[in-house]
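Observations on the model geometry
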Amino acid sequence: MPAPARAPALDGADETRGLALMQRELKDMRMLLESGLANLSWHDRRQHEPLRASLLEQLSAMDIAPDVAAALAAQAPGRTDLKDTSKLPLALLLQHLPVVENLSTVGGGVIAVVGPTGAGKTTTIAKLAARWAIKHGSDDLALVSTDAYRIGAREQLMTHARILGAAMHTPNSGKELARVLERCKSKRLVLIDTAGMGPRDIRLAEQLAALKEGAARANVFLALPAHGEVHALEEIVRAFSGVSPAACIITKVDESASLGAVISAAVRHKLKIAFVCNGQRVPDDLHAAYLKRAWLVWVARKLTERTPPRSEAYLARHFGRGTAHA
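Here goes a summary of the coordinates provided. Since we're looking at a predicted model, the values are computed, not measured. (Residues numbered from 1 in each chain as written. Predicted model: local features only at pLDDT ≥ 70, side-chain atom pairs only at ≥ 80, totals over all residues. Heavy atoms only, no water.)

What follows covers the pattern of salt bridges. This structure, assessed with the given rule, holds 12 salt bridges. For Asp67, the salt bridge is made with Arg268, and the minimal N-O distance between the two is 2.8 Å. Residue Asp67 is located in helix 3 (residues 66–74), and its partner Arg268 is located in helix 10 (residues 260–268); the two are separated by 201 residues in the primary sequence. A relative accessible area of 41% places Asp67 in the partly exposed class. Assessed through its relative accessible area of 25%, Arg268 is described here as partly exposed. Here Asp284 and Arg281 are joined by a salt bridge, their closest N and O atoms 4.0 Å apart. Judged by relative accessible area, which is 44%, Asp284 ranks as partly exposed. Overall, Arg281 belongs to the exposed group, its relative accessible area being 52%. (Salt bridge = Lys/Arg side-chain N within 4 Å of Asp/Glu carboxyl O. Helix = DSSP H or I, 4+ residues; strand = E, 2+ residues; numbered from the N terminus. Buried < 20%, exposed > 50% of the residue type's maximum accessible area, 1.4 Å probe, protein only.)

Let us now look at the layout of surface pockets. Empty space within the largest pocket amounts to approximately 420 Å³. Together, 19 residues line the largest pocket, and Leu103, Gly107, Arg131, Trp132 and Lys135 are the ones closest to its centre. Those elements that place two or more of their residues in the lining of the largest pocket are helix 5 (121–136) and helix 11 (289–303). In terms of residues, the lining of the largest pocket owes the most to one element, helix 5, which gives five residues. Each pocket or cavity is described by its volume, and for the second largest pocket that value is around 240 Å³. Looking at the second largest pocket, it is lined by 18 residues, and the ones nearest its centre are Thr146, Glu206, Gln207, Ala210 and Leu211. Of all elements in the fold, only helix 7 (174–183) and helix 8 (204–214) reach the threshold of two or more residues within the lining of the second largest pocket. (1 Å grid on protein atoms, 1.4 Å probe; cavity = no way out; pocket = protein on both sides within 12 Å on 5 of 7 lines; lining within 4 Å. Points joined across faces, edges and corners; volume = space filled by probe spheres on them.)

The next subject is unusual backbone geometry. It is generally the case that most residues other than glycine have a negative phi and that most peptide bonds are trans. Residue Pro283 follows Val282 across a cis peptide bond; omega there is 0 degrees. Within the element layout of this structure, Pro283 appears in the loop between strand 7 (273–277) and strand 8 (286–288). In this model, Asp63 sits at a positive phi of 70 degrees, which is unusual for a non-glycine residue. Residue class for Asp63 comes out partly exposed when judged on its relative accessible area of 25%.

As a further point, take the side chain of Thr304. Tracing the chain through its elements places Thr304 in the loop between helix 11 and helix 12 (312–319). A residue is classified by how much of its surface remains accessible, and Thr304, at 7% relative accessible area, is buried. Polar side-chain contacts of Thr304 include one of 3.3 Å to the backbone oxygen of Ala300. Discounting chain neighbours no more than four positions away, the residues touching Thr304 are Ala61, Met62, Asp63 and Ser258. (Polar contact = N/O pair within 3.5 Å; in protein donor to acceptor, adjacent residues only side chain to side chain. Contact = heavy atoms within 4.5 Å.)

Put into structure tokens, the structure is as follows:
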């Protein structure tokens, strides 16, 4: 009787390919299983928590980040007697949007505006300076630029300083900045325009260190461009956290197709909004955030009215996990 045929031996390359194929198949099976469970959980939430599920849908439609939408919806009651619940997301955002309520606390002293390239820092400084000059005159006002990198940055601020009749200084290091601030200690308001650098720029740490060395007691505002994407804004906030911003200034609202990302960043980090900028006019397009809170939320809703709602797959993926009745 002939011996049974033996299976051909697999070489190392075949074994590696077979293992890789098995791992991919297991990964695909796991993703299908998780997706199915998420869908079941999301539909269960729709059935048992219709109000919160509706809030999650509406907040997501406004481009509010999933983690922020979930945190906000968790603050809402499980039920309501209201027939029209379309305004509940706006009410939630109004309640939890952090703003500087009293601008007198940031109306004088030394203020530095930091942020990435193109965030509108120099224009914002000009607006703040013009507001001050209109109200108090320019004798007690000084402008400072530490931006020695961007071509024309200092010239732009110098032009505004000449128009306002304000003093202008251009230090090139932390030590020079400290000496400038010592000479300006009689001024009631000193505005520092810093170099714009992206969160991954290797020079950023050096610039922030110079600011802390030269202006350790400055009130720092972080300029956040409204058109930034969720991950980009998150990176910006984390990169500039080393100088402990007292508040943020939302810029370029007029250039943004959505405000969900920037609102999410402010809510997530409890980063109070001091001002909102919605144009290039100096000083007209600078507004106190506490006076524009309702307007900002309304614009966030308005901008996304014509965009398609989030898909069921998106909602299930982000909100379908966990216990629906928790």
